[in-house]
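Residues per chain, in single letters:
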Amino acid sequence: MKKFIFLLLNIFLLANLHANKIYHDGMISRGSKCLIVDNKINVRADCSTDAKKLFQVNAGTIVDVEERCSEEMYVEGAWSHWYKISCYMGEGYILGRWMTSVYSECDLRNGYARYDYIACQFLFEEHDDGCCGLDSGEYIDEEILLVRGATVKKLTGISLLSHGISSFPCTEIQVEQNSGVFGNNPIVLFIKKMGYGAGSLTNCSVCFLTDEKVLTEICYLDTCVEIPFARNQVIYFPNKSYDVYNNEWNDIPLLEQNNSKEILVYTKDGEIDYNLHITYKSEKLSEYYWDGETFRYINLK
C-alpha cells in the first residue's frame, strides 16, 4: 500500500512539474535574427547533444532562425527549445539558451567596425491555457547582457520586469554611445512599437548606462496617433534630440547646444478629427537634471 501511495505521489509531482515548466530563452521567433551570447557554442546536425558537431559560434555572431523545433532540453536549471539556425558558417541546430533576439546594432562612431548589443535572456513559466506572455507563458526573471565584440558582460542594477520597462514585444534596444551627456556614457533606449485600430503607439524608456554597466532609468516616454487623439514627445540632450514616435536622432545646431547636465522633454498633445484637422493642442516642457547620482525631475511651467 505504501509503495502504491509513493508511486501515485511521484506521478502527481511529475505531472505538476510538466504543467509548470520553466523555460530559458531569448524572445526568439521564427524568421528573426538572433545574437549568440556565449563563446564556443556548438551547432549540431540535429536536435541532440549526441548529434554531430558541425561548427562553433561565439558571442556576437548573428544567426537567422529558420524554425523552432519540438525537441527541448533541460540546461542550467531550466528547459530550452532547440532551434534550426543559419549563418555565414552554414546551418544547423542550437539551443535557445545561447541565443537572444537582436534588437539593434549601433555604430559607436569612434570605431565603425565595433558594435554593441543589449541582449536579454528570459526565464518564463509556460501555461497550458495559452493566455499570455512568450510562448503562452509568464515572465519570471531576465538577465540583461551587454555584448561587445566577443565578450559578454551581465548588466546589473536593473530589471526590465521589476522596473516597469516593458520589453515585450520589443522591436529595438538602441545604444547611443556619444549622446554628449556626461562624457561618453551611453544612453540606452528601450523601445516598444504597436499598431492597433486606426492608430499606432510607441513606448520608450530612456536609461543612463554607467561605466560600471549599471542602468538607471531617466524617464519614460510615449507617443501615439489614434483618431481623435495625437501625441508626440521629443527628448533633447546637450547636442542632439531624439524623436520618439519617428524613432529618429537629430543633431542640434551648434549655437543651440548646451553643455549643462539638463535633459529636456518636449510633449505635444492634441485632438484631431476624422479629417485629420487639429481641434485641440497643448505643449509641455519637462526638465531632468543629473545631480551626480540620479536624475532629478523638474516640471517647467
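Computed from a predicted structure; not experimentally measured.

What about the overall build of the protein chain?
So, step 1. In terms of regular secondary structure, the protein chain is built from one helix and 22 strands.
So, step 2. For the protein chain, the residues scored as buried account for 43% of the 301 residues in total.
So, step 3. Roughly 16100 Å² of accessible area belongs to the protein chain as shown, and the carbon and sulfur atoms make up 52% of that amount.

Description of the pattern of salt bridges
Opposite charge on two side chains permits them to pair, given that their charged atoms come into close proximity.
So, step 1. One pass over the structure, following the stated rule, counts eight salt bridges.
So, step 2. In this structure, the salt-bridge partner of glutamate 143 is arginine 97, at a minimum N-O distance of 3.7 Å. Separated by 46 residues along the polypeptide, glutamate 143 in strand β11 (residues 137–148) and arginine 97 in the loop between β7 (90–95) and β8 (99–101) bring together distant segments of the chain. As far as the burial class goes, glutamate 143 and arginine 97 line up, both buried.

Description of unusual backbone geometry
So, step 1. Notably, lysine 40 is not glycine yet its phi reads approximately 55 degrees, a positive angle.
So, step 2. The exposure class assigned to lysine 40 is exposed, which follows from its relative accessible area of 63%.

Concerning the side chain of threonine 223
So, step 1. As for its position among the elements, threonine 223 is in strand β16 (residues 215–226).
So, step 2. Here threonine 223 falls in the buried class, since its relative accessible area comes to 0%.

Quick look at the side chain of serine 80
So, step 1. Along the chain, serine 80 turns up in strand β6 (residues 78–87).
So, step 2. Within the structure, serine 80 has its side chain in polar contact with the backbone nitrogen of arginine 97 (distance 3.0 Å).
So, step 3. Contact partners of serine 80, with chain neighbours within four places excluded, come to Tyr23, His24, Asp25, Glu72, Met73, Val75, Leu95, Gly96 and Arg97.

What about the pairing of β16?
So, step 1. Judged from the ten bridges that link them, strand β15 (residues 199–209) and β16 form a sheet pairing that is antiparallel. Bridge pairing in β16 links cysteine 207 to glutamate 217.
So, step 2. Judged from the three bridges that link them, β16 and strand β17 (residues 229–236) form a sheet pairing that is antiparallel. Paired with cysteine 224 across the bridge in β17 is arginine 231.
So, step 3. The turn linking β16 back onto β17 is made up of two residues.

Describing the nonpolar core
So, step 1. Counting residues in hydrophobic clusters, the biggest one holds 21 residues, and the most contacted among them are Ile36, Val57, Val63, Ile85, Ile94 and Met99.
So, step 2. Breaking this core down by element, the ones donating at least two residues are β2 (33–36), β3 (41–44), β4 (53–57), β5 (62–75), β6 and β7.
So, step 3. Discounting chain neighbours no more than four positions away, the residues touching methionine 99 are Gly26, Ile28, Cys34, Leu35, Ile36, Val37, Val63, Tyr83, Ile85, Ile94 and Gln121.
So, step 4. In this structure, Ile187, Leu189, Ile218 and Val244 belong to the second largest nonpolar core, which totals 16 residues.

A closer look at the confidence of the model for the protein chain
Low-pLDDT portions of the prediction should not be read for the details of their coordinates.
So, step 1. Residues with a pLDDT of 70 or more make up 69% of the protein chain, whose mean pLDDT is 75.
So, step 2. In the model, residues 104–114 has pLDDT below 50 throughout and makes 24 contacts with residues more than four positions away in sequence or in other chains.
So, step 3. Below pLDDT 50 for its whole length, residues 131–135 participates in nine contacts with residues either more than four positions away or in separate chains.

Some thoughts on the packing of aromatic side chains
So, step 1. Inspection of the entire model under this criterion finds four aromatic pairs.
So, step 2. Taken together, a centroid distance of 5.6 Å and an interplanar angle of 25 degrees make the contact between phenylalanine 237 and tryptophan 249 stacked. Remark: tryptophan 249 occurs in strand β19 (residues 248–251) and phenylalanine 237 occurs in the loop between β17 and β18 (240–243); sequence separation between them is twelve residues.
So, step 3. Residue phenylalanine 237 is classed as buried on the basis of its relative accessible area of 1%.
So, step 4. Relative to tryptophan 249, the ring of tyrosine 242 lies with its centre 5.0 Å away and its plane at 55 degrees, an arrangement referred to as tilted.
So, step 5. What makes tyrosine 242 buried here is its relative accessible area of 0%.
So, step 6. Aromatic rings pair up to connect Phe237, Tyr242 and Trp249 into one cluster.
So, step 7. Lying across the ring of tryptophan 79, lysine 21 places its NZ or CZ 4.1 Å from the centre.

With respect to the environment of serine 260
So, step 1. Along the chain, serine 260 turns up in the loop between β19 and β20 (262–272).
So, step 2. For the pair formed by serine 260 and phenylalanine 237, sequence separation is 23 residues and the distance between their alpha carbons is 9.4 Å.

Calculation notes
- Residues numbered from 1 in each chain as written.
- Predicted model: local features only at pLDDT ≥ 70, side-chain atom pairs only at ≥ 80, totals over all residues.
- Heavy atoms only, no water.
- Helix = DSSP H or I, 4+ residues; strand = E, 2+ residues; numbered from the N terminus.
- Buried < 20%, exposed > 50% of the residue type's maximum accessible area, 1.4 Å probe, protein only.
- Areas by Shrake-Rupley, 256 points an atom, 1.4 Å probe, with all protein chains shown as cover.
- Salt bridge = Lys/Arg side-chain N within 4 Å of Asp/Glu carboxyl O.
- Polar contact = N/O pair within 3.5 Å; in protein donor to acceptor, adjacent residues only side chain to side chain.
- Contact = heavy atoms within 4.5 Å.
- Pairing = 2+ DSSP bridges.
- Core = buried A, V, L, I, M, F, W, Y, C linked by side-chain atoms within 4.5 Å.
- pLDDT = per-residue confidence, 0-100.
- Phe/Tyr/Trp six-rings, centres within 6.5 Å; stacked < 30°, edge-to-face > 60°.
- Lys NZ or Arg CZ within 6 Å of the ring centre and 35° of its normal.

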